[in-house]
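Take a look at the letters that make up each chain.
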Amino acid sequence: MDKYISNKIKNISLIMTFFVVILHSNNLENSTVFNINTLIQNFIGQGIVRIAVPIFFLISGYLFFYKFKPSKEAYLKKYKKRFKSLFIPYFIWCTGWLVILYLVELTAFGRAMFSDRIVANYNAVELFKNTYIYPLPYQFWYIRALMVNVVISPIIYFVIAKLKDKALPVILVFWFFDVIYYPILMFAIGACFAIGDFDLHFNKYKNKGYLFGIGYFLAIILKTVLIYMTKIPNYEYVLLLAENLIILCGVPFAWFLYDVIGERFKNKFDLGKEMRLAKYGIFIYFFHIPLQSIIKKFWFKAMPISDVSSLIIFFVAPIITITICACVAIFMRKYMTKMYMVLSGGR
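Cut-offs and rules
- Residues numbered from 1 in each chain as written.
- Predicted model: local features only at pLDDT ≥ 70, side-chain atom pairs only at ≥ 80, totals over all residues.
- Heavy atoms only, no water.
- 1 Å grid on protein atoms, 1.4 Å probe; cavity = no way out; pocket = protein on both sides within 12 Å on 5 of 7 lines; lining within 4 Å.
- Points joined across faces, edges and corners; volume = space filled by probe spheres on them.
- Helix = DSSP H or I, 4+ residues; strand = E, 2+ residues; numbered from the N terminus.
- Nonpolar A, V, L, I, M, F, W, Y, C, P; charged D, E, K, R; others polar.
- Salt bridge = Lys/Arg side-chain N within 4 Å of Asp/Glu carboxyl O.
- Phe/Tyr/Trp six-rings, centres within 6.5 Å; stacked < 30°, edge-to-face > 60°.
- Buried < 20%, exposed > 50% of the residue type's maximum accessible area, 1.4 Å probe, protein only.
- Lys NZ or Arg CZ within 6 Å of the ring centre and 35° of its normal.
- Core = buried A, V, L, I, M, F, W, Y, C linked by side-chain atoms within 4.5 Å.
- Contact = heavy atoms within 4.5 Å.
- Polar contact = N/O pair within 3.5 Å; in protein donor to acceptor, adjacent residues only side chain to side chain.
- Axes fitted to C-alpha atoms, helices over the stretch in contact; angles between N-to-C directions.
- Parallel < 35°, antiparallel > 145°, perpendicular 65-115°, else oblique.
- Left-handed = near helix turned anticlockwise from the far one by under 90°.

Quick notes on the layout of surface pockets
Sizing a probe to match a water molecule and rolling it over the atoms shows the empty space that remains. Reported here for the largest pocket is a volume of approximately 1100 Å³. If you go around the largest pocket, you meet 36 residues; those closest to its centre are Ile-9, Ser-13, Ile-59, Leu-63 and Arg-347. Elements represented by at least two residues in the lining of the largest pocket include exactly α1 (3–23), α3 (52–65), α4 (72–104), α7 (141–151) and α13 (281–302). Tallied by class, the residues present in the lining of the largest pocket amount to 18 nonpolar, eight polar and 10 charged. There is about 670 Å³ of room inside the second largest pocket.

This is the structure:
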């Protein structure tokens, strides 16, 4: 992999991490009631930033199978590496946050603040379930899904190898119409690019990147409008198809837009180099929830609940969260390196 593509993947991953933080800043009680607050939060949170997690799965699938030659030894090596980078951080973060929540809830203030999840009331099954299946830092569902993809990676490789050139279009159709759980298919699409040895520069299509941009924003408008049309038949499935249109157009648009911005502003910054915060992206992803949830809880305790206060914290919470996460990451990487590397999966 050439240096430009390597750094591009790192930088886009960082930007998509910021998108995820914005996605989780949504605080609407009812997103189907039309007003300026729901319109803005739906357009951004249910539209623009929805490409983030699919891009993560695509990149993960690509990197897993990049230059991969299937063998028992090769898979064992991959499993060992992913155990360190995925399972260990998953176990530590999910366990750690639940322990912290339990300690906080020993105080009256903590029980009042987190009355929707009282850890002391859990039985053994609920404790396990709410720690490792549906953890407090709910963004870890992505890591859980990624671990499943890693486990079934030999099956994914086998299917792609059997289908050959038909693999990518078949998987795309299955994904778009929600035939199989989408994290598996997105990971598989990324795998197709690696196994098929695609040139990720896509030079032939760069001049047509704006068409994906037009499709992306039209799809966002479509989904935003559909959110308020709750009476239409198969409402949830129609929303899903609209979201898949956003992803189908938005992912390639983001990929090409990165190059356009890099070329347009090359005298001001070099997108061929790794961004300063890129190495901290995974820590920001791991740490941002429940931190951002706590920030929003404090906000709504201090401020009257209204559309104005809801919209303000929608924009302010991600800024505060990213700033705190980045500062903690920088400090820990410099002064608590070993702990940081364990918590970040060695990244």
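Re the pattern of salt bridges
Going through the model one piece at a time under the given rule, you end up with six salt bridges. Two residues, Glu-243 and Arg-50, come together in a salt bridge whose shortest N-O distance is 3.3 Å. With Glu-243 in helix α12 (residues 235–264) and Arg-50 in the loop between α2 (36–45) and α3, this pair connects stretches of sequence that are 193 residues apart. One salt-bridge network, held together by shared partners, links Lys-8, Lys-206 and Asp-259.

Focus on the packing of aromatic side chains
Scanning all chains against the criterion turns up 45 aromatic pairs. Here Phe-68 and Tyr-157 contribute two aromatic rings whose centre-to-centre distance is 6.1 Å and whose plane-to-plane angle is 65°, an arrangement assigned as edge-to-face. Of the two residues, Phe-68 is situated in the loop between α3 and α4 and Tyr-157 in helix α8 (residues 153–163); the sequence distance between them amounts to 89 residues. Considered together, Phe-68 and Tyr-157 belong to a single accessibility category, that of buried residues. Positioned over the ring face of Phe-64 is Lys-78, at 5.1 Å from the centre of the ring.

Regarding the nonpolar core
If you look at the biggest cluster of nonpolar residues, it comprises 92 residues, and the most contacted ones within it are Ile-51 and Phe-65. Considering every element that reaches this core, the biggest residue donor is α3, with 10 residues. Filtering out sequence-adjacent residues up to four positions away, Phe-65 remains in contact with Tyr-75, Ser-153, Ile-156, Tyr-157, Phe-187, Ala-191, Ala-194 and Ile-195. With five residues, the next largest nonpolar core counts Leu-226, Tyr-235, Leu-239 and Ala-242 among its residues.

Concerning helix α6 (residues 124–133)
Three or more residues of α6 are buried, namely Asn-130, Thr-131 and Tyr-132. Its side-chain oxygen 3.1 Å from the backbone nitrogen of Val-125, Asn-123 forms the N-cap of α6.

Overview of the packing of helix α9 (residues 167–176) against helix α10 (residues 182–195)
The geometry of a pair of packed helices is captured by two quantities: the angle between their axes and the separation between those axes. Orientation of α9 relative to α10, taken along the N-to-C sense of each, is 160°, at an axis distance of 10 Å. Here α10 runs roughly antiparallel to α9, going by the angle between their axes. Regarding α9 and α10, the two cross each other, and that crossing is left-handed. Of α10, the residues touching α9 (which contributes Ala-167, Leu-168, Ile-171, Leu-172, Phe-174 and Trp-175) are Tyr-182, Leu-185, Met-186, Ala-188, Ile-189, Cys-192 and Phe-193. Class assignment of the residues belonging to the contact of α9 with α10 gives a composition of 13 nonpolar, no polar and no charged.

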